[in-house]
Amino acid sequence: MPTISVFYGIIIRMYHTEHNPPHIHAYYQSNNAVYSIKECEMIDGAMPKKQNALIKAWMELHQDELLANWDLAMYKEDICKIEPLK
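Keep in mind that what you see is a predicted model, and the values were worked out from it rather than measured. (Residues numbered from 1 in each chain as written. Predicted model: local features only at pLDDT ≥ 70, side-chain atom pairs only at ≥ 80, totals over all residues. Heavy atoms only, no water.)

Draft legend 1. Examining the overall build of the protein chain more closely. Helix and strand counts for the protein chain come out as two helices and five strands. In the protein chain, the order of α-helices and β-strands from amino to carboxyl end is β-β-β-β-β-α-α. Over its C-alpha atoms the protein chain spans a radius of gyration of 12 Å, differing by no more than 12% from the 12 Å that the globule rule assigns to 86 residues. C-alpha atoms of the protein chain, sized along the principal axes, occupy 35 × 25 × 20 Å. For the protein chain, the residues scored as buried account for 40% of the 86 residues in total. In the protein chain, the proportion of contacts linking residues at least 24 apart, taken out of those at least 6 apart, comes to 40%. With the model as given, the accessible surface of the protein chain reaches about 5000 Å², and the carbon-plus-sulfur share is 51%. With 8 positive and 11 negative side-chain charges, the protein chain shows a separation of 8 Å between the mean positions of the two kinds. (Helix = DSSP H or I, 4+ residues; strand = E, 2+ residues; numbered from the N terminus. Rg over C-alpha atoms; globule rule 2.2 N^0.38 Å. Buried < 20%, exposed > 50% of the residue type's maximum accessible area, 1.4 Å probe, protein only. Contact = heavy atoms within 4.5 Å. Areas by Shrake-Rupley, 256 points an atom, 1.4 Å probe, with all protein chains shown as cover. Lys, Arg positive; Asp, Glu negative; His and termini not counted. Charge placed at Lys NZ, Arg CZ, Asp CG, Glu CD.)

Here it is in structure tokens:
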């Protein structure tokens, strides 16, 4: 599963052979969660409040890039790295 961004100890990944709805996987220490790209909301898992807010803010900034990566991943194409949150 390719890592598309890393910021503040949070790792963001996207699988190449996924299922809808479009989503990402976020990892922070022992926590992991799945986030809907279109709603920028957690749909599964658990994440501390601070990291959850950071992930959602990052997703809102890069939603178009995330959706473009999702389309690439569905065709098993290489996906692009996305700028981390600064």
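That was the structure; now back to the text.
Draft legend 2. Molecular detail of the sheet that holds strand β5 (residues 41-45). Strand order in the open sheet made by the five strands is β1-β2-β3-β4-β5, with antiparallel pairing throughout. The open sheet has two edge strands, β1 (3-7) and β5, and neither has a second partner. Sheet twist, expressed as the average angle between the axes of neighbouring strands with direction ignored, equals 25 degrees. One ladder, built from four bridges, connects strand β2 (residues 10-13) with strand β3 (residues 23-28); its direction is antiparallel. Within β3, the residue paired with Ile-12 across the bridge is Ala-26. (Pairing = 2+ DSSP bridges. Axes fitted to C-alpha atoms, helices over the stretch in contact; angles between N-to-C directions.)

Draft legend 3. Here's a closer look at helix α2 (residues 63-74). In a regular helix each residue adds 1.5 Å, so twelve residues correspond to 16 Å; α2 covers 17 Å between its end C-alpha atoms and thus fits that length. Where the residues of α2 are buried, they touch β1, β3 and α1 (49-61). (Expected span 1.5 Å × (residues − 1).)

Draft legend 4. Representation of the nonpolar core. Grouped together as the largest cluster of nonpolar side chains are 23 residues, with contacts concentrated most on Ile-24 and Trp-58. Sorting the residues of this core by element identifies β1, β2, β3, β4 (31-36), α1 and α2 as the ones contributing at least two each. If you tally residues by element for this core, the top one is α1, at four residues. Apart from the residues lying within four places of it in its own chain, the contact partners of Ile-24 are Ile-4, Ile-12, Arg-13, Met-14, Ala-33, Val-34, Tyr-35, Ile-37, Ile-55, Trp-58, Met-59 and Leu-66. (Core = buried A, V, L, I, M, F, W, Y, C linked by side-chain atoms within 4.5 Å.)

Draft legend 5. Local environment of the side chain of His-62. Considering the arrangement of structural elements, one finds His-62 in the loop between α1 and α2. His-62 has contacts with Ile-82 and Glu-83, leaving out every residue within four places of it along the chain.

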